[in-house]
Amino acid sequence: MQDLAEIIREHKLAVPVYVTQPVMPKLEGYVEHLAGIWERKWLTNDGPLHQEFERRLSEYVDADHVSVFCNATIALMVALETLRIDSGEVITTPFTFPATSHVLYWNRVRPVFCDIDPVTMNLDPSKIERLISPETKAILPVHVYGRPCDVETIQRIAEIHGLHVIYDAAHAFAVRHKGKSILAYGDISVLSFHATKLFTTIEGGALISRTDVQRKRVNFLKNFGIADEETVVGPGINGKMNEFQAAFGLMQLQLVDGEIHNRREIALIYREALRHVAGITVLEELPDTESNYAYFPILIETEDFGMSRDDLFVVMRHCNVFARKYFYPLISHASCYSALPSAAAVKLPVAERVATQVICLPIYGSLEHETARTICRLIAACAARRDRHAALAGTLC
Ligand SMILES: *Cc1c(COP(=O)(O)O)cnc(C)c1O
C-alpha cells in the first residue's frame, strides 16, 4: 500500500493553487478608464461608467430591470425591503454562504431552514410546503454552484400560498435554464460580483427586478431613499457601486465568455478523470441548463473512498491544493440560528450529509490543464490506497 507521505511527495505542486483566481483585464485598458475618471472627477453616484456598465450588463445577462450594487449582501437586503418583507418568516436553504441567512436577520425576519435536494443541492420543493405558516412571507432559495433550483415547482408553491420568491443568484452569472436567463424566475434575483465569483467588479453585485416601478424603488432604496434633492421616499441604505468598479466590470464583460469556455475545459478534465474513482461522486450537469462552471464540487463517500472528506482536504493542503469545503458548516449551525426549531440536524438530513462530503476543487480559466490532471491523480492515488487495503484484507482471510 502506498504510504501517504509518498503520495504527498509525488503530487505536491510547486506553487499553491487556490480554489479560484479572478481573470484580470489588461492593466493598460484599466488605466485608460482611470484617466477618464481623473478627467471627469466623477467618482460615484450614477456616473457615466456606472450607467454604461448597467446597460451592457443588462444586455449580457438578458434581463431588463438591472440595478448594480456595491455588493450582493446589501442588494439582498434591499430586495427584502423592496418587497416590504421586514417581519415574520422566510423559508431558505442552510447549504449556502452565510450572507443568505444574515440578510434575513438584518431585516428582522426569522429564517426557516428547509432541507436540500440531493441532485440539485438546492431547496427541496417537496419539503417547502410543510414549513409554511401564517408568518411566512417569502421563499429565499439559492442557485448553489450556479445549478438552477427547481424554479417551476417553487413558483407554483409561491403562487398557491401567495409568497414572494427572491433568488440568491450569487453563483449563477450567465446561467441559462430552458433557453431563458435564470434571472427570469422569481420576483427578484441577486448576483454577486465579489472577487471570488466567476464575474467580478472586485466587490459588487446586481439586483434584477421585474417592473419599471420596482426598479425605481430599488434605485431609491440603494441611494438612501433619495428621490430628488428635497424628497426622501423611504428608509434607504447606501448600496451604490462606484466608477472604479464599473470600469472593472465593463472590462470583465469582454472576458467572461472566454473565462467560461476555459473553465469548461477544466471541468471536463476533472469529470473524465474522476468519474470512475471509487467513492467520488461528480455532480452531473442538470438538464436544460447552460452552466457557467463557477465551481467544481465533488462528494466523498468515506467508506468507498477509504478516507474522509476532511482527511482528503488535509492531504490536498499538504500538496499545495487549496480546495474549499463549500458549504461546511451549514449556516444553521451558527450560534445565531442553531436554536431555531428548523435548524435541528434531524430536520435537514440531506444538507447535513452533503456538508460533510463536499469539496470544491480549484477551477479558473488560467489553471494549467496539467495541474488539474495532477489533482485528479492525487485523488485517485488516495482512493487506490483503499483498494489495495481491501485486496490485502481479502488475501488475509
Ligand atoms: C458570495 C455570496 C454572497 C455575498 O455576496 P457579496 O457580494 O460578497 O456580498 C451571497 N450569497 C451567496 C450564495 C454567495 O456565495
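Residues numbered from 1 in each chain as written. Predicted model: local features only at pLDDT ≥ 70, side-chain atom pairs only at ≥ 80, totals over all residues. Heavy atoms only, no water.

Topic: the overall build of the protein
Across its full length, the protein holds twelve helices and 17 strands. If you line up the protein on its principal axes, its C-alpha atoms span 85 × 55 × 40 Å. Residue burial in the protein is summarised as follows: out of 397 residues, 54% are buried. Of the contacts made within the protein by residues no fewer than 6 positions apart, 71% connect residues no fewer than 24 positions apart. Accessible surface for the protein amounts to roughly 18,000 Å². Of this, 54% is attributable to carbon and sulfur atoms. Taking the average location of the 40 positive side-chain charges in the protein and that of its 48 negative ones, the two points are 2 Å from each other. (Helix = DSSP H or I, 4+ residues; strand = E, 2+ residues; numbered from the N terminus. Buried < 20%, exposed > 50% of the residue type's maximum accessible area, 1.4 Å probe, protein only. Contact = heavy atoms within 4.5 Å. Areas by Shrake-Rupley, 256 points an atom, 1.4 Å probe, with all protein chains shown as cover. Lys, Arg positive; Asp, Glu negative; His and termini not counted. Charge placed at Lys NZ, Arg CZ, Asp CG, Glu CD.)

Side note on the domain arrangement of the protein
Considered domain by domain, the protein is made up of domain 1 (4-20 + 256-323 + 362-395) and domain 2 (27-253). Taking only C-alpha atoms, the centre of domain 1 and the centre of domain 2 are 31 Å apart. Facing 19 residues of domain 1, the contacting portion of domain 2 comprises 22 residues. Taken together, both faces of the contact between domain 1 and domain 2 bury some 1,700 Å²; the carbon and sulfur share is 61%. It is V256, L286 and Y295 that lose the most area in domain 1 upon contact with domain 2, and together they represent 35% of the buried surface on that side. At the boundary of domain 1 and domain 2, one finds one salt bridge. The shortest N-O distance in the salt bridge between E290 and R176 comes to 4.0 Å. Counting residues per element, the side of domain 1 that touches domain 2 draws most heavily on helix α8 (residues 243-274), at five residues. (Domains from an automatic or database assignment. Buried area = accessible area lost by both parts, 1.4 Å probe. Salt bridge = Lys/Arg side-chain N within 4 Å of Asp/Glu carboxyl O.)

Considerations on the environment of R217
Looking at the secondary structure, you find R217 in helix α7 (residues 212-221). Along the chain, R217 and V233 lie 16 residues apart, while their C-alpha atoms are 8.9 Å from each other. Setting aside its immediate chain neighbours within four residues, R217 contacts E81, T82 and R84.

Details of the side chain of T289
Tracing the sequence through the fold places T289 in strand β14 (residues 289-290). A distance of 3.4 Å separates a polar side-chain atom of T289 from the backbone oxygen of L286. Among the polar contacts listed, one links the side chain of T289 to the backbone oxygen of P287, at a separation of 3.0 Å. The residues contacting T289, other than those within four sequence positions of it, are P148, V175, R176 and H177. (Polar contact = N/O pair within 3.5 Å; in protein donor to acceptor, adjacent residues only side chain to side chain.)

Considerations on the state of the cysteines
Scanning the entire structure with this criterion turns up zero disulfides. C149 takes part in no disulfide bond, and the closest cysteine sulfur, belonging to C114, lies 11 Å away. Taking relative accessible area as the criterion, C149 reaches 2% and is therefore assigned buried. The thiol of C336 is unpaired, and the distance to the nearest cysteine sulfur, on C114, comes to 19 Å. (Disulfide = S-S within 2.5 Å.)

Some thoughts on the nonpolar core
Ranked by size, the top nonpolar core spans 109 residues in total, and within it F95 and Y145 carry the most contacts. Per element, the largest residue contribution to this core is 13 residues, and it comes from α8. Residues lining this core come from more than one domain, with at least three contributed by each of domain 1 (4-20 + 256-323 + 362-395) and domain 2 (27-253). Apart from residues lying up to four places away in sequence, F95 is in contact with I116, M121, V144, Y145, Y326, F327, L330, V354, A355 and V358. (Core = buried A, V, L, I, M, F, W, Y, C linked by side-chain atoms within 4.5 Å.)

Quick word on the sheet that holds strand β5 (residues 136-140)
Within the open sheet, the seven strands sit side by side as β2-β10-β9-β6-β5-β3-β4. Their pairing is mixed. The open sheet has two edge strands, β2 (65-69) and β4 (110-113), and neither has a second partner. The mean angle between the axes of side-by-side strands here comes to 25°, regardless of whether they run parallel or antiparallel. Of the pairings in the sheet, the one linking strand β3 (residues 89-92) to β4 comprises four bridges and is parallel in character. Bridge pairing in β4 places I91 opposite V112. Against the sheet, helix α4 (residues 72-82) contacts β2, β5, β6 (164-168), β9 (188-192) and β10 (205-209), and its axis sits at roughly 170° relative to β9. Docked against the sheet, α7 engages β2, β9 and β10, running at close to 10° with respect to β2. (Pairing = 2+ DSSP bridges. Axes fitted to C-alpha atoms, helices over the stretch in contact; angles between N-to-C directions.)

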